[in-house]
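# Summary of structural features
What follows is each chain in one-letter form.
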Amino acid sequence: MSEIKDILSKYKSIAMVGVSKDLKKTSTIVMKSMQNYGFKVYPVNPSAKGEIILGEEVFSKITDINKNIDIVDVFRPSEEAYGIAQDAVKIGAKVLWLQLDIRDENAKKLVEENNMKYIENKCTKIEYQKYFL
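As a starting point, this report considers the structure included with it. All values derive from a computational prediction rather than experimental measurement.

### A look at the pairing of strand 5 (residues 71–74)
Burial along strand 5 is two-sided: Ile71 and Asp73 facing one way and Val72 and Val74 facing the other are all buried. The pairing of strand 1 (residues 13–17) with strand 5 spans four bridges and is classified as parallel. Bridge pairing links Ala15 to Val72 in strand 5. Inspection of the sheet shows strand 5 paired to strand 6 (residues 95–98) by four bridges, in the parallel sense. Each bridged residue has a counterpart across the sheet, and for Asp73 the counterpart in strand 6 is Trp97.

Okay, structure coming up:
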């Protein structure tokens, strides 16, 4: 089984960093799809903290979520990936997932040193559809 298929079948909670209030934005479209596929998605966006996006309360950062998070899914520029990776390690996430066109070697090294899986330059929605639909 591919690593991605394994991740998406085993883990069901996602902290989605960079979700927008704009329902036409890619991040929000992906969030809605992942919800429809049975994932519990926690939106993270400091500028929308406390608001509701697609029925879920928005958190300022992933360390504010007091629930178990399996996947940290990142819709932010590559330059922000390392800081997000540090928080992902702090909360004990299983996977750091960087969306299309997002890569960071330092983030990869950090999460792999902490026994987390690292996925870069892939979309959770596209990968889910590839393996399960």
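### Some thoughts on the environment of Asn68
Within the secondary structure, Asn68 is located in the loop between strand 4 (56–57) and strand 5. Separated by 55 residues in sequence, Asn68 and Ser13 have C-alpha atoms that sit 7.3 Å apart. With residues up to four places along the chain from it excluded, the contact list for Asn68 reads Ser13 and Lys94.

Conventions and cut-offs
Residues numbered from 1 in each chain as written. Predicted model: local features only at pLDDT ≥ 70, side-chain atom pairs only at ≥ 80, totals over all residues. Heavy atoms only, no water. Buried < 20%, exposed > 50% of the residue type's maximum accessible area, 1.4 Å probe, protein only. Helix = DSSP H or I, 4+ residues; strand = E, 2+ residues; numbered from the N terminus. Pairing = 2+ DSSP bridges. Contact = heavy atoms within 4.5 Å.

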